Amino acid sequence: GLFPGGLGPQPADSLLALIGAFRADRRAGKIDVGVGVYRDPQGRTPVLRAVKEAERRLVAGQETKAYLGPEGDAGFFEALKPIIFGDADHGARLVGLQTPGGTGALRLAAELIARFNPQARIWVGEPTWPNHHPILQAAGLEIMAYQHFDVATQRLTFARALDALSRARRGDVALLHGCCHNPVGADFDMTQWRELAQLMRERGVLPLIDLAYQGLGRGLDEDAAGARILLETVGEGLLAYSCDKNFGLYRERVGALYALAGEAAAAGVVQSNLLALARANWSMPPDHGAAIVRVILSDPALAADWRTELAEMRDRIRGIRALLADADPRLAPLRGQQGMFSTLPLTPQQVARLRDERGIYMPASGRINLAGLTAETIPTFVDALASLR
Ligand code: PLP
């Protein structure tokens, strides 16, 4: 036959395999810290109240499902701007479009980079979200590494990151997690953001900011502070945004790509390229999730309710971090980290032992989702970790 031709089999997604193994485990008291989504203390990933209400209004009021356009929902795109960029008014220098999730935004950003500068190399932190490399490689970009965190000591290696980025060429791009780093939870502080931004400005390195967890770290403004410093200082940049975690909309695939250019004329050219790339990829993004976000953000009462629910998610994650830090001094660094994820300094063998001996599930990297724990399961979890030593 014609298939498989030049195709070789590809490895299955290891997180999906982990979910299957967890489900099949019959032990009472098993713990899943492998999952990549928020969970409440009952283990659910609920639909937010504000989302339910927005959906009711959409179902009642929507009169057509005719096509939008490759830019998606313009009201959604505008409504997010003050949340992301705060008071900064970038005017006609800021363009962009709705995308299928943060993933779609990253993919479009990568393709845009490959178009405007085929020689550009993209600097990616180590470690990073495992999907970053495949997305960037799919656009044909050459990837360079900067080491920004040491899992063994749970410390940022900021000097090493700066050192690596000081070797970037003019026109290179640096991918940075805006907040709540996945998978290590360690974010730069304001002094570090400023230093990094200054270096990138001097060397002509374009920031590509991945902001997928705004509001799940310290707060909406706090979590955007690094991105704002970068864009303000460098004056140009790309920002891939996801509403899938902070609105709990995961499967609706809600994201946006923002591009800040030096001048309005350049921004116009960038925008026409983004629209062309979108048409060649997905033509136009799905409507429902972005419409939900638009409805929420354009009604002050609904927006306030969303902020309350977001704060509940954030406080729960912070609470779990504090409980872990209090329970074992070796887990103390987790208190100062942000967002749903941290990566424990475990070997793949130790991860396998936790699964086999204790029914605790996490990927071989040692990444844990704090939202997979509760006050009730923390003693079991901490005890299991201690048993490894
Ligand atoms: N960037 C990071 C760091 C992520 O962790 C994720 C999702 O896990 C994404 C981007 C993509 O988000 P989305 O589900 O909106 O595509």
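Parameters at a glance
Residues numbered from 1 in each chain as written. Predicted model: local features only at pLDDT ≥ 70, side-chain atom pairs only at ≥ 80, totals over all residues. UniProt positions renumbered as here; feature names shortened; annotations may be inferred. Core = buried A, V, L, I, M, F, W, Y, C linked by C-beta atoms within 7 Å. Buried ≥ 20, exposed ≤ 12 C-beta atoms within 10 Å, placed from the backbone. Contact = placed C-beta atoms within 7 Å. Pairing = 2+ DSSP bridges. Helix = DSSP H or I, 4+ residues; strand = E, 2+ residues; numbered from the N terminus. Axes fitted to C-alpha atoms, helices over the stretch in contact; angles between N-to-C directions. Expected span 1.5 Å × (residues − 1). Arc of directions from axis to C-beta. Right-handed = clockwise from strand over helix to strand, strands pointing away. Near = placed C-beta within 6 Å. Nonpolar A, V, L, I, M, F, W, Y, C, P; charged D, E, K, R; others polar.

An unreviewed UniProt entry annotates the chain as Aspartate/tyrosine/aromatic aminotransferase of Rhizorhabdus dicambivorans. Turning to the chain, the UniProt record has this under Sequence similarities (unreviewed entry): "Belongs to the class-I pyridoxal-phosphate-dependent aminotransferase family." As recorded by UniProt, the Cofactor (unreviewed entry) comment attached to the chain reads in full: "pyridoxal 5'-phosphate".

Engineer: What should I look at first to understand the nonpolar core in this one?
Structural biologist: Across soluble globular proteins, nonpolar side chains have a tendency to be buried as a group. In this structure, Ala109, Val173, Ala174, Leu211, Ala240, Leu257 and Ala259 are the most contacted members of the largest nonpolar core, which totals 108 residues. Sequence-distant contacts of Leu211, that is, excluding residues within four places in its chain, are made with Ile84, Gly178, Cys179, Ala224, Ala227, Leu239, Ala240 and Tyr241.

Engineer: I keep staring at the sheet that holds strand 3 (residues 121-126) and nothing clicks. Help me out?
Structural biologist: Hydrogen bonds along the backbone pair up the strands of a sheet, which may run parallel or antiparallel. If you walk across this open sheet you meet the seven strands as 2-10-9-8-7-3-4, and the pairing is mixed. Because the sheet does not close on itself, it has two edges, and the strands there are strand 2 (94-100) and strand 4 (142-147). Between one strand and the next, the sheet's axes are offset by a mean angle of 20°, whatever the strand orientation. Where strand 2 meets strand 10 (residues 254-260), seven bridges bridge the pair, whose relative direction is antiparallel. Bridging across to strand 10, Val95 finds its partner in Ala259.

Engineer: Honestly, helix 2 (residues 49-61) in this entry has me stumped. Any pointers?
Structural biologist: Side chains three or four residues apart in an α-helix point the same way, a direct result of the helix having 3.6 residues per turn. Under the 1.5 Å per step criterion, the end-to-end length of helix 2 is 18 Å for 13 residues, consistent within 8% with the ideal 18 Å. Three or more residues of helix 2 are buried, namely Ala50, Val51 and Ala54. Projection of helix 2 onto a plane perpendicular to its axis shows the buried side chains occupying an angular sector of 95°, all on one side. Opposite the buried face of helix 2, at more than 90 degrees from it, the exposed residues are Lys52, Arg56, Val59 and Ala60. The inward-facing, buried residues of helix 2 abut helix 10 (288-297) and helix 11 (300-327).

Engineer: Looking at this structure, how should I read the pairing of strand 8 (residues 206-211)?
Structural biologist: Each regular strand displays side chains that alternate between the two surfaces of the sheet. Burial within strand 8 is extensive, with six of its six residues counted as buried. The two faces of strand 8 match: Leu206, Leu208 and Asp210 on one face and Pro207, Ile209 and Leu211 on the other face are all buried. Taking the sense of rotation as the criterion, the β-α-β connection linking strand 7 (residues 173-177), helix 7 (residues 190-203) and strand 8 turns out right-handed. Two strands pair when backbone bridges link them, and strand 8 and strand 9 (residues 237-242) are joined in this way by four bridges, in the parallel orientation.

Engineer: Would you take a moment to explain the site of the ligand for this structure?
Structural biologist: In the neighbourhood of the ligand, the contacting residues comprise Gly36, Gly101, Gly102, Thr103, Trp129, His177, Asn182, Asp210, Ala212, Ser242, Asp244 and Gly255. Taken together, the residues of the shell around the ligand break down into two nonpolar, eight polar and two charged.

Engineer: How should the UniProt feature "domain: Aminotransferase class I/classII large" (unreviewed entry) in the chain be read in this particular structure?
Structural biologist: Residues annotated by UniProt as "domain: Aminotransferase class I/classII large" (unreviewed entry) correspond here to residues 30-385. Split by type, residues 30-385 is 45% helix and 16% strand. Its first and last C-alpha atoms lie 14 Å apart.

Engineer: It is not clear to me how the environment of Glu63 should be interpreted in this structure. Could you clarify?
Structural biologist: For Glu63, the location among the structural elements is in the loop between helix 2 and helix 3 (74-85). Under the C-beta neighbour-count criterion, Glu63 is labelled exposed, with 5 such atoms within 10 Å. C-alpha separation for the pair Glu63 and Leu302, spaced 239 residues apart in sequence, amounts to 22 Å.

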